[in-house]
Amino acid sequence: MQELLFAAGLAFMIALLVGPIVIPILRRLKFGQSIRQEGPERHLAKAGTPTMGGVIILTALLVPVLFFVGNDPEVILALFVTFGHGVIGFIDDFIKVVLKRSLGLKARQKLLGQIIMAVALAYIATTYFGRGTDLWLPVIGVNVDFGYLYYVLIFLVLVGTTNAVNLTDGLDGLAAGTTTVAATAYAVIAMAFAKPHLAIFCVSLAGATLGFLRYNVHPAKVFMGDTGSLALGGALAAVAVLTKTELLLVLVGGIFVLEALSVIIQVISFKTTGKRVFKMSPIHHHFELSGWSETKVVTVFWFVGSLFAILALLVLVISRAGGI
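Predicted model, so just to flag it, every value in this text is computed and none were measured.

Draft legend 1. Region of the structure containing the overall build of the protein. Summing up its helical and strand segments, the protein has 12 helices and two strands in all. Secondary structure elements of the protein occur, N-terminal to C-terminal, as α-α-α-α-β-β-α-α-α-α-α-α-α-α. For a compact globule of 324 residues, the expected C-alpha radius of gyration is about 20 Å, and the protein comes in at 19 Å, within 12% of that figure. For the C-alpha atoms alone, the extent of the protein along its principal axes is close to 50 × 50 × 35 Å. Sequence separation of at least 24 residues holds for 74% of the intrachain contacts in the protein that already meet a minimum separation of 6.

So, in structure tokens, the structure goes:
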């Protein structure tokens, strides 16, 4: 427990200390965020705010993890997946912000990078860590072997989580705050599955995102960009795979799931009926356009995310007690 507190505190302090160094550099390099014209009008005032601030989170995560558990193979794999997605996001941000190509990486280029991450995670976890191809079913608490289909599932978990966190990163502090909650919940889950080193990874992630919030809450001084959002999604997905709790991730990251579903529902509805279900998707924009202030949306989503995390832990307790 002491190491968990030290790791979380160290990550938090590093984020606080690194922020004032990185943010002015990003500003001098003119790494400013461009705001899409079709978004809420009030967001246009955010144009030029430094982005790619995910490097603050990644730095704050890396130091305590390497200090406390840098030689653990599972943690190294989690770092690889996290930083691999961070690199993909950084390239995407660089193309959009510096090269002024608004779409960034092409979809197939980003997908190729994610496939590489998924293959590496699946192969190493199942071959060297004895992860197997079984899927743990919460509530009933049993494992079902999916065979080769499990590799497809890992890909879907990784791509789905990274993109869902990316979609959530649309308001000041929203993605960082919900990730802090999700990472904290996963620290508890990792401990429950006797993986203390992964728990240290999770609390370090929570500390890093909490420290980043100091500069990312409204009005944000820096955005995490795809550098941060893809890395955060990769980190959560990697921990879910390594703890065999891929399905529990749906609850732990309930806000991310709702954000992604709102986009899917909106697209399907518009393409099939020509009508929109929401005023704008992802769903946080719907509440903004309904008259909620940005801080109210973020605060409510943090609260709902916390409820999802608590529900996930209750499901874990029920499952570990023998299921229903």
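On we go.
Draft legend 2. Representation of the pattern of salt bridges in the model. Summed over the entire model, instances satisfying the criterion amount to eight salt bridges. Asp92 is the partner of Lys96 in a salt bridge, and the nearest nitrogen-oxygen pair spans 3.4 Å. Of this pair, Lys96 and Asp92 both sit in helix H3 (residues 73–97), four residues apart, which is roughly one turn of the helix. For Lys96, a relative accessible area of 24% gives the class partly exposed. Relative accessible area serves as the criterion here: at 1%, Asp92 is assigned to the buried category.

Draft legend 3. Region of the structure containing unusual backbone geometry. Here the amide bond leading from His218 into Pro219 is cis, since omega sits at -5°, within 30 degrees of zero. Within the secondary structure, Pro219 is located in the loop between helix H7 (196–216) and helix H8 (225–242). In this structure, Val139 takes a positive phi of about 75° despite not being glycine. Looking at the element boundaries, Val139 is found in the loop between strand E1 (134–137) and strand E2 (142–145). Here Lys244, not a glycine, exhibits a phi torsion of approximately 60°, which is positive. For Lys244, the position within the fold is in the loop between H8 and helix H9 (249–252). Relative accessible area serves as the criterion here: at 24%, Lys244 is assigned to the partly exposed category.

Reading guide: rules and limits
Residues numbered from 1 in each chain as written. Predicted model: local features only at pLDDT ≥ 70, side-chain atom pairs only at ≥ 80, totals over all residues. Heavy atoms only, no water. Helix = DSSP H or I, 4+ residues; strand = E, 2+ residues; numbered from the N terminus. Rg over C-alpha atoms; globule rule 2.2 N^0.38 Å. Contact = heavy atoms within 4.5 Å. Salt bridge = Lys/Arg side-chain N within 4 Å of Asp/Glu carboxyl O. Buried < 20%, exposed > 50% of the residue type's maximum accessible area, 1.4 Å probe, protein only.

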